[in-house]
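Chain by chain, the residues run as shown.
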Amino acid sequence: METSSIILLLVSASISFAVGRVIVHFRNVKRKRQALARQAQEKRDRPVEPEARNKAKRKRQLQEIDKANRKNSQ
């Protein structure tokens, strides 16, 4: 093979590889974003836990609810 053919082959192969990696990268980013959105939606849609009898646990539950409410209102 001639030198120019080899160079052309290497350039086209590297471009093809780079385009493939870019596509895979953006697909992974999209999947990760969708997974985070799905987790957030599941967390919002989960049923409210019954109030705990343990005073410390009940206090933690109320703090988590307040924290979630403040986060959603922002």
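Thresholds applied
- Residues numbered from 1 in each chain as written.
- Predicted model: local features only at pLDDT ≥ 70, side-chain atom pairs only at ≥ 80, totals over all residues.
- Heavy atoms only, no water.
- Helix = DSSP H or I, 4+ residues; strand = E, 2+ residues; numbered from the N terminus.
- Rg over C-alpha atoms; globule rule 2.2 N^0.38 Å.
- Buried < 20%, exposed > 50% of the residue type's maximum accessible area, 1.4 Å probe, protein only.
- Areas by Shrake-Rupley, 256 points an atom, 1.4 Å probe, with all protein chains shown as cover.
- Lys, Arg positive; Asp, Glu negative; His and termini not counted.
- Charge placed at Lys NZ, Arg CZ, Asp CG, Glu CD.
- Expected span 1.5 Å × (residues − 1).
- Polar contact = N/O pair within 3.5 Å; in protein donor to acceptor, adjacent residues only side chain to side chain.
- 1 Å grid on protein atoms, 1.4 Å probe; cavity = no way out; pocket = protein on both sides within 12 Å on 5 of 7 lines; lining within 4 Å.
- Points joined across faces, edges and corners; volume = space filled by probe spheres on them.
- Patch = residues over 30% accessible without salt bridge, like charges linked within 9 Å, V, L, I, M, F, W, Y side chains within 5 Å.
- Salt bridge = Lys/Arg side-chain N within 4 Å of Asp/Glu carboxyl O.
- Contact = heavy atoms within 4.5 Å.

Colleague: Quick rundown of the overall build of the protein chain? Include the residues and the values.
Modeller: Check the secondary structure of the protein chain and you find two helices and zero strands. A compact globule built from 74 residues would reach a C-alpha radius of gyration of about 11 Å, whereas the protein chain, at 26 Å, exceeds it by more than 25%. When the backbone C-alpha atoms are referred to their principal axes, the protein chain occupies close to 80 × 25 × 15 Å. By the burial criterion, 3% of the 74 residues in the protein chain qualify as buried. Surface exposure of the protein chain reaches about 7400 Å², of which carbon and sulfur atoms provide 57%. In the protein chain, 19 positive and 7 negative side-chain charges are present, and the distance between their average locations comes to 3 Å.

Colleague: Please give an account of helix 2 (residues 55-73) that cites residues and values.
Modeller: For helix 2, built from 19 residues, the straight-helix expectation of 27 Å at 1.5 Å per residue is met to within 8% by its first-to-last C-alpha distance of 27 Å. With a side-chain oxygen positioned 2.9 Å from the backbone nitrogen of alanine 56, the residue opening helix 2 is asparagine 54.

Colleague: For the layout of surface pockets, give the residues involved together with the corresponding values.
Modeller: Its boundaries defined by the atoms lining it, the largest pocket holds a volume of some 780 Å³. Taken together, 18 residues line the largest pocket, and the ones lying closest to its centre are Lys43, Arg46, Glu64, Ile65 and Ala68. Of all elements in the fold, only helix 1 (3-45) and helix 2 reach the threshold of two or more residues within the lining of the largest pocket. For the lining of the largest pocket, the leading source of residues is helix 2, giving ten residues.

Colleague: Account for a positive patch on the surface, naming residues and giving values.
Modeller: There is a patch of like positive charges on the surface, built from Lys43, Arg46, Lys67, Arg70 and Lys71. The leading source of residues in the positive patch is helix 2, at three residues. Examined against the element boundaries, arginine 70 turns out to sit in helix 2.

Colleague: Go over the side chain of glutamine 61, please, and point to the residues and values.
Modeller: Take glutamine 61: it is sitting in helix 2. The residues touching glutamine 61, leaving out its near neighbours within four places in the chain, are Glu49, Pro50, Glu51 and Ala52.

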